[in-house]
Amino acid sequence: MRLIFLNHKLNGDALIIKTIYTLPSGSKRKFTGNYVYSETDGDFTGTNTFIAYDDDENDTQWTCEGTVSVFR
């Protein structure tokens, strides 16, 4: 598997992470996470999206969305 870390952006309490990785079969997975930091809990909580596709992101095989907490 080949992982490409696209970028991350921390703007105040908001964190955005984007990555793309390629499986041995050649299909790709794009991950996007949007999180907000909580001073009370000491972690980032938010949503993420996975998109599976072959050569073109517009040719989506499946998507998955969920909520996540990122702890220290």
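Everything that follows concerns the structure shown earlier in this document.
This is a predicted model, so every value here is computed, not measured. (Residues numbered from 1 in each chain as written. Predicted model: local features only at pLDDT ≥ 70, side-chain atom pairs only at ≥ 80, totals over all residues. Heavy atoms only, no water.)

**What about the overall build of the protein chain?**
Selection rule: Each helix is a run of DSSP H or I of at least 4 residues and each strand a run of E of at least 2, with the numbering of both proceeding from the N terminus. A 1.4 Å probe rolled over the protein chains alone gives each residue an accessible area, and that area as a share of the maximum for its type sets the label: buried under 20%, exposed over 50%, partly exposed in between. Two residues form a contact once any of their heavy atoms are found within 4.5 Å. Accessible areas in this description were obtained via Shrake-Rupley with a 1.4 Å probe; residue shielding takes into account the shown protein chains only. Charged residues are defined here as Lys and Arg on the positive side and Asp and Glu on the negative side; His and the ends of the chain fall outside this count. Charge positions are represented by NZ for Lys, CZ for Arg, CG for Asp and CD for Glu.
Looking only at helices and strands, one finds zero helices and five strands in the protein chain. When its helices and strands are written in sequence order, the protein chain yields β-β-β-β-β. Summarising its shape, the C-alpha atoms of the protein chain cover approximately 45 × 20 × 20 Å along the three principal directions. Counting the 72 residues in the protein chain, one finds 29% classified as buried. Excluding contacts between residues fewer than 6 apart, the proportion of contacts in the protein chain whose partners are at least 24 apart in sequence is 21%. Total accessible area on the protein chain stands at roughly 5,100 Å², and carbon and sulfur atoms take up 52% of it. Each charge sign in the protein chain was given a centre, from 7 positive and 10 negative side chains, and these centres are 6 Å apart.

**Looking at the environment of Phe44**
Locating Phe44 in the fold gives a position in strand 4 (residues 43–53). Judged by relative accessible area, Phe44 falls into the buried class, the value being 18%. Along the backbone, Phe44 and Asn34 are 10 residues apart, and their C-alpha atoms lie at a distance of 9.1 Å. When sequence neighbours within four positions are dropped, the list of residues in contact with Phe44 reads Leu10, Asp13, Leu15, Tyr35, Val36, Tyr37, Val68, Ser69 and Val70.

**Concerning the pairing of strand 3 (residues 28–38)**
Convention followed: Between any two strands, at least two bridges found by DSSP are needed for them to pair.
With nine bridges joining them, strand 2 (residues 14–22) and strand 3 adopt antiparallel strand pairing. Along strand 3, the bridge assignment pairs Thr22 with Lys28. As defined by bridge partners, strand 3 adjoins strand 4 across 11 bridges and the pair is classed as antiparallel. Counted as the bridge partner of Arg29 is Ala52 from strand 4. Connecting strand 3 to the next strand, strand 4, in antiparallel fashion are four residues, including Gly42 with a positive phi near 75 degrees.

**Brief notes about the environment of Val36**
Within the secondary structure, Val36 is located in strand 3. Look past the residues within four positions of Val36 in its chain and what remains in contact with it is Asp13, Asp43, Phe44 and Thr45.

**With respect to a negative patch on the surface**
Defined as follows: Only residues above 30% relative accessible area that lack a salt bridge enter a patch, with like-charged residues linked at up to 9 Å and the nonpolar side chains Val, Leu, Ile, Met, Phe, Trp and Tyr linked at up to 5 Å. Basic side-chain nitrogens of Lys or Arg form a salt bridge, by our definition, when they fall within 4 Å of a carboxyl oxygen of Asp or Glu.
A cluster of like negative charges, contributed by Asp54, Asp55, Asp56 and Asp59, occupies part of the molecular surface. Counting through the fold element by element, Asp54 comes out in the loop between strand 4 and strand 5 (60–70).

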